[in-house]
Amino acid sequence: MSGINKAILIGNLGRDPEVRTLESGVKVATFSIATTETYKNKNGERVEQTEWHNIVMWRGLAEVAEKYLNKGNQIYLEGRIRTRTYEKDGQTKYMTEIVADQMTMLGGRRAEGQNEQGAKAEEPDVQEPKPDDDLPF
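Residues numbered from 1 in each chain as written. Predicted model: local features only at pLDDT ≥ 70, side-chain atom pairs only at ≥ 80, totals over all residues. Heavy atoms only, no water.

**Points about the overall build of the chain**
Right, so step 1: The number of helices and strands found in the chain is 1 helix and 6 strands.
Right, so step 2: In the chain, the order of α-helices and β-strands from amino to carboxyl end is β-β-β-β-α-β-β.
Right, so step 3: Sorting the 137 residues of the chain into buried and exposed places 31% on the buried side.
Right, so step 4: The contacts of the chain with a sequence gap of at least 6 include a subset with a gap of at least 24, amounting to 57%.
Right, so step 5: Carbon and sulfur atoms form 44% of the exposed surface of the chain, whose accessible area is close to 10,000 Å². (Helix = DSSP H or I, 4+ residues; strand = E, 2+ residues; numbered from the N terminus. Buried < 20%, exposed > 50% of the residue type's maximum accessible area, 1.4 Å probe, protein only. Contact = heavy atoms within 4.5 Å. Areas by Shrake-Rupley, 256 points an atom, 1.4 Å probe, with all protein chains shown as cover.)

**Details of the nonpolar core**
If you look at soluble globular proteins, the nonpolar side chains tend to sit buried side by side.
Right, so step 1: One finds Ile55, Met57, Leu77 and Met103 to be the most contacted residues of the largest nonpolar core, which totals 20 residues.
Right, so step 2: Breaking this core down by element, the ones donating at least two residues are strand E1 (7-13), strand E3 (27-40), strand E4 (46-58), helix H1 (59-68), strand E5 (74-88) and strand E6 (91-106).
Right, so step 3: Looking at which element gives the most residues to this core, the answer is H1, with 5 residues. (Core = buried A, V, L, I, M, F, W, Y, C linked by side-chain atoms within 4.5 Å.)

**What to know about the pairing of E6**
Right, so step 1: Relative to E6, E4 runs parallel, the two sharing 2 bridges. Looking at the pairing, Ile55 lines up with Ile98 of E6.
Right, so step 2: In this sheet, E6 lies alongside E5 in antiparallel orientation, the contact comprising 15 bridges. Bridging across to E6, Glu78 finds its partner in Gln102.
Right, so step 3: Hairpin connection between E5 and E6: a loop of 2 residues separates the two successive antiparallel strands, and Asp89 in this loop has a positive phi of roughly 55°. (Pairing = 2+ DSSP bridges.)

**Points about the pattern of salt bridges**
Right, so step 1: Evaluation of the coordinates by the stated rule reveals 4 salt bridges.
Right, so step 2: In this structure, Lys27 engages Glu66 in a salt bridge whose closest nitrogen and oxygen atoms are separated by 2.7 Å. Of this pair, Lys27 sits in strand E3 while Glu66 sits in helix H1; the two residues are 39 residues apart in sequence, bridging distant segments of the chain.
Right, so step 3: Owing to a relative accessible area of 41%, Glu66 belongs among the partly exposed residues under this scheme.
Right, so step 4: A salt bridge links Arg84 to Glu97; the shortest N-O distance between them is 2.8 Å. Here the residue Arg84 occupies a position in strand E5, and Glu97 occupies one in strand E6, the gap between them amounting to 13 residues.
Right, so step 5: Under the relative-accessibility criterion, Arg84 is labelled partly exposed at 35%. (Salt bridge = Lys/Arg side-chain N within 4 Å of Asp/Glu carboxyl O.)

Written out as structure tokens, the structure reads:
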């Protein structure tokens, strides 16, 4: 049996996507998103903990990210966790990132200067999660 590698995140973009076009013509977008959880510590004080995630999108999703995503946008995404290695100054470095294969734009925080509808007047329909129509009850 093979394993499962699935990540589901809802968070806000920490920066505008950086989009590159490879020699083959394939686009790749990279950016980070922040997820924040809130809990009460043993003293009853409310504590917020923010985790930053490196995101990679390929091809069509990279094109959508380039056109419609900006710093502060809230998104839902699904993908897989990947750790890659690279050499820097003679030392091996590790980077863990989420390779997204589905994304939905959500409401929420807007980057400064955006209107209520967002940076663009039209938002794409990007691989919306399908409702579960065959419920057993």
